[in-house]
Amino acid sequence: MPLQLRHLEFRRIALDLVTPFRTSFGVETRRDVLLLRVETDHGDGWGECVALQEPRYSPEFVDGAQLVVRDHLWPALTGGGPLTAAEVAHRLAPFKGHQMAKAALEMAVLDAELRAAGRRLHDLLGAERERVPSGVSVGIFDTLDELLAQVQGYVDEGYARIKLKIEPGWDLEPVRLVRELVGDDMGLQVDANTAYERSDIEHLCRLDEFGLLLIEQPLPEEDVVGHARLARASSTPVCLDESIVSLQTAADAIELGAAEVVNIKPGRVGGYLEARRIHDLCVDRGVPVWCGGMLETGIGRAANAALAALPGFTLPGDISASTRFYRRDIVRDPITVTDGHVAVPTAPGLGFELDVAFLDEITTASVTI
Ligand code: OSB
Ligand code: MG
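All values derive from a computational prediction rather than experimental measurement.

Draft legend 1. Structural view of the coordination of the magnesium ion (ligand 2). Around the magnesium ion (ligand 2), the protein supplies Asp191 (OD), Glu216 (OE) and Asp241 (OD) as donor atoms, at distances of 2.1 to 2.3 Å. Within one chain, the residues donating to the magnesium ion (ligand 2) are spaced in sequence as D-x24-E-x24-D. Of this pair, glutamate 216 sits in strand S8 (residues 215-216) while aspartate 241 sits in the loop between strand S9 (238-240) and helix H9 (247-255), placing them 25 residues apart in sequence. By relative accessible area, aspartate 241 is classed as buried at 0%.

Now the structure itself:
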């Protein structure tokens, strides 16, 4: 049933992280999140834009995302009459890039459409499981002692797998010590966020002795051939994150032998429906996938849990408990981890219920067009 889009609210919120999250591309201490609320003739829907404040992970950033939605994407979306969520990507296709901005809009329309129909994202995507294994992403620290203390805390919380952020100078030793700490049975993987170069391939092969599940995006996002070379040289499976921005880039990276595993982030690929298509492709090609994270609030995490319940998501995702990053979430039913698993939300729509009072409290700006 097509929806008539009426208004769009840009809601900016400020959320402090419980502890600074350091990666090879920067330090996050506080999130400046853009939420989108669409008003339709069949009710409202919410989407979350995963663009960070600065364009250091990818070219997108939160102010830019808001601008492109306001001046380009929203006018194109509303210009063609009523539409379904499945048509959003097609209407936005004339605009290059801006996947995170597009994904947020599609998400809001999906939420409205699903709520109006009393359906769950889980069902629309064709997911089957009702709980998914939960992994945690661990940042870079000033000292190894701090790292080990953090990791021990996450082990105690029962996470099913640990991901360590690495960069040149923070790789072999942290990984060696964490492997010793968690034992050989714990799933362990690393993520470099493009911090290495082709000349580091030999060095990166030294990670092979630690029995890692995968190494995520060690080389620049454009360097697909470099990743293919590393994949041939190293026994650790090479996984791409930043390089995969669409179904086409996923297909090409797999064909080139650069993606032995794929990290699927809906925001990075333009939405949950494109994410589903990438999942299907990877299942067809026999490539394992897992669901990445972008420090989402309870809105994005609810939707990610539904996506990660698809059968091809055979590795634990970066779907940690809400408390991993936030003292208080903007939803009434924040994600929790039990026995190393996260329950897929059962409510209609993306599956969350907003904590409106708290949301209003942390709102820094609201504009409706
Ligand atoms: O590379 O996976 C990444 C967070 C922000 C930007 C990029 C990444 C990450 C994470 C955090 O690793 C994962 C999470 O949200 O739990
Ligand atoms: Mg990553």
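Draft legend 2. Representation of the site of ligand 1 within the structure. Within the structure, ligand 1 sits among 18 residues, and Ser137, Asp191, Asn193, Leu295 and Arg301 are positioned closest to it. Taken by itself ligand 1 offers 390 Å² of open surface, and the protein chains cover 100% of this. More than half of the atoms belonging to ligand 1 lie within 2 Å of the grid points that define the largest cavity. Classifying every residue of the shell around ligand 1 by side-chain character gives six nonpolar, four polar and eight charged. Mapping the shell around ligand 1 onto the domain boundaries places at least three of its residues in each of domain 1 (5-118 + 355-368) and domain 2 (122-343).

Draft legend 3. Representation of the sheet that holds strand S1 (residues 5-23) within the structure. The strand order across the open sheet built from four strands is S3-S2-S1-S13, with neighbouring strands paired in antiparallel fashion. Lying at the two open borders of the sheet, with one neighbouring strand each, are strand S3 (43-49) and strand S13 (363-368). Here the average twist between neighbouring strands, direction ignored, is 20°. As paired strands, strand S2 (residues 26-40) and S3 are joined by seven bridges and run antiparallel to one another. Bridge pairing in S3 places glutamate 39 opposite aspartate 44.

Draft legend 4. Looking closely at the domain arrangement of the chain. Per the domain assignment, the segments of the chain are domain 1 (5-118 + 355-368) and domain 2 (122-343). Using C-alpha coordinates to define each centre, domain 1 is positioned 23 Å away from domain 2. At the interface, 34 residues of domain 1 touch 43 residues of domain 2. Counting the surface lost from both domain 1 and domain 2, the interface buries some 3400 Å², and carbon and sulfur atoms represent 64% of this. On the surface where domain 1 and domain 2 come into contact, there are three salt bridges. Between arginine 328 and aspartate 355 there is a salt bridge; the shortest N-O distance is 2.9 Å. Only S1, S2, S3, helix H3 (99-117) and helix H13 (356-361) provide two or more residues apiece to the side of domain 1 that touches domain 2. Among the elements that make up the side of domain 1 that touches domain 2, the one with the highest residue count is S1 (nine residues). Of the residues belonging to the side of domain 1 that touches domain 2, the class tally is 22 nonpolar, four polar and eight charged.

Draft legend 5. Focus on the packing of aromatic side chains. What the rule picks out here adds up to four aromatic pairs. Measuring from centroid to centroid gives 6.3 Å for phenylalanine 325 and tyrosine 326, while their planes differ by 55°, and the two rings are tilted. Residue phenylalanine 325 shares its accessibility class with tyrosine 326, and that shared class is buried. The ring of tryptophan 290 carries the charged tip of arginine 161 above its face, separated from the ring centre by 5.1 Å.

Draft legend 6. Layout of the pairing of strand S7 (residues 187-191). Taking burial as the measure, the five residues of S7 include five buried ones, the bulk of the element. Of the two faces of S7, both are covered, the one formed by Gly187, Gln189 and Asp191 as well as the one formed by Leu188 and Val190. Judged from the five bridges that link them, strand S6 (residues 161-165) and S7 form a sheet pairing that is parallel. Directly across from lysine 165, in S7, lies its bridge partner aspartate 191. With helix H6 (residues 172-182) bridging S6 and its parallel neighbour S7, the resulting β-α-β unit is right-handed. Where S7 meets S8, two bridges bridge the pair, whose relative direction is parallel. The residue of S8 that forms the bridge with valine 190 is isoleucine 215.

Draft legend 7. Spatial organisation of the environment of glycine 139. Inspection of the secondary structure puts glycine 139 in the loop between strand S5 (135-138) and helix H5 (144-157). Here glycine 139 is in contact with Phe21, Arg22, Leu147, Lys165 and Arg324, once residues within four sequence places are set aside.

Draft legend 8. Representation of empty space enclosed by the protein in the model. The tally for this structure, following the rule as stated, stands at five cavities of 30 Å³ or more. Volume-wise, the largest cavity comes out at about 200 Å³. Lining the largest cavity are 19 residues; nearest its centre among them are Phe21, Lys165, Gly293, Met294 and Leu295. Secondary-structure elements contributing two or more residues to the lining of the largest cavity are S1 and S6. Taken together, the residues of the lining of the largest cavity sort by class into seven nonpolar, five polar and seven charged. In this structure, the lining of the largest cavity is formed jointly by two domains, domain 1 (5-118 + 355-368) and domain 2 (122-343), each of which donates at least three residues. Around the second largest cavity, the lining residues are Glu48, Cys49, Val50, Met100, Ala103, Met107, Pro266, Gly267, Tyr272, Glu296, Gly300 and Asn304. Of all the secondary structure elements, the ones that give two or more residues to the lining of the second largest cavity are S3, H3, helix H10 (266-269) and helix H12 (298-308). Top contributing element to the lining of the second largest cavity by residue count: H3, with three residues.

Calculation notes
Residue numbers here run from 1 along each chain, matching the order of that chain's written sequence. As a convention, the first chain written is A and the first ligand written is 1, with the rest following in written order. Reporting in this predicted model follows two pLDDT cut-offs: at least 70 for local features of residues, and 80 or more for side-chain atom pairs to be given and counted; totals over whole chains, interfaces and linings ignore these cut-offs and use all residues. Calculated side-chain values reflect all of the structure's heavy atoms, with hydrogen atoms and water omitted. The donor set covers N, O and S atoms within 2.8 Å of the metal, switching to 3.2 Å for Na, K and Ca, and it leaves out water, so a site may look short of donors. The secondary structure listing takes helices from DSSP runs of H or I that are at least 4 residues long and strands from runs of E that are at least 2 residues long, numbered from the N terminus. Classification of residues uses two cut-offs on accessible area relative to the type maximum, computed with a 1.4 Å probe and protein chains only: under 20% is buried, over 50% is exposed, and between them is partly exposed. Any residue with at least one heavy atom within 4 Å of a molecule or strand is counted as near it. Calculation of accessible area relied on Shrake-Rupley with a 1.4 Å probe; when residues are assessed, cover is drawn exclusively from the protein chains displayed. Both cavities and pockets are sets of points on a 1 Å grid over the protein atoms alone; in a cavity a 1.4 Å probe fits but cannot get out, in a pocket the set is open with protein on both sides within 12 Å along at least five of seven lines, and lining residues sit with an atom within 4 Å of a point. A molecule is counted as occupying a cavity or pocket when more than half of its atoms fall within 2 Å of that pocket's grid points. By the convention adopted, Pro, Cys, Tyr, Trp, Phe, Met, Ile, Leu, Val and Ala count as nonpolar, Lys, Arg, Asp and Glu as charged, and the other residues, Gly among them, as polar. Each domain's limits were defined by an automated method or a database of domain assignments. Pairing between strands is defined by DSSP: at least two bridges between the two strands are required. Axis definition: a line fitted to C-alpha atoms, over the contacting stretch in the case of helices. Angles run 0 to 180 degrees between N-to-C directions. Here a residue-residue contact requires only that any non-hydrogen atoms of the pair lie within 4.5 Å. As a working definition, buried area equals the accessible area (1.4 Å probe) given up by two parts on being put together, with both sides summed. Every case where a carboxyl oxygen of Asp or Glu lies within 4 Å of a side-chain nitrogen of Lys or Arg is listed as a salt bridge. The pairing test for Phe, Tyr and Trp rings, Trp by its six-membered ring, is centres within 6.5 Å, and the orientation test on the planes gives stacked under 30 degrees, edge-to-face over 60, and tilted for anything in between. A positively charged side chain is recorded as over a ring if its NZ (Lys) or CZ (Arg) lies within 6 Å of the ring centre. The angle to the ring normal must also be within 35 degrees. If the strands point away from the viewer and the path from the first strand over the helix to the second runs clockwise, then the crossover is right-handed. Grid points are joined across faces, edges and corners, and a volume is the space filled by probe spheres set on the points.

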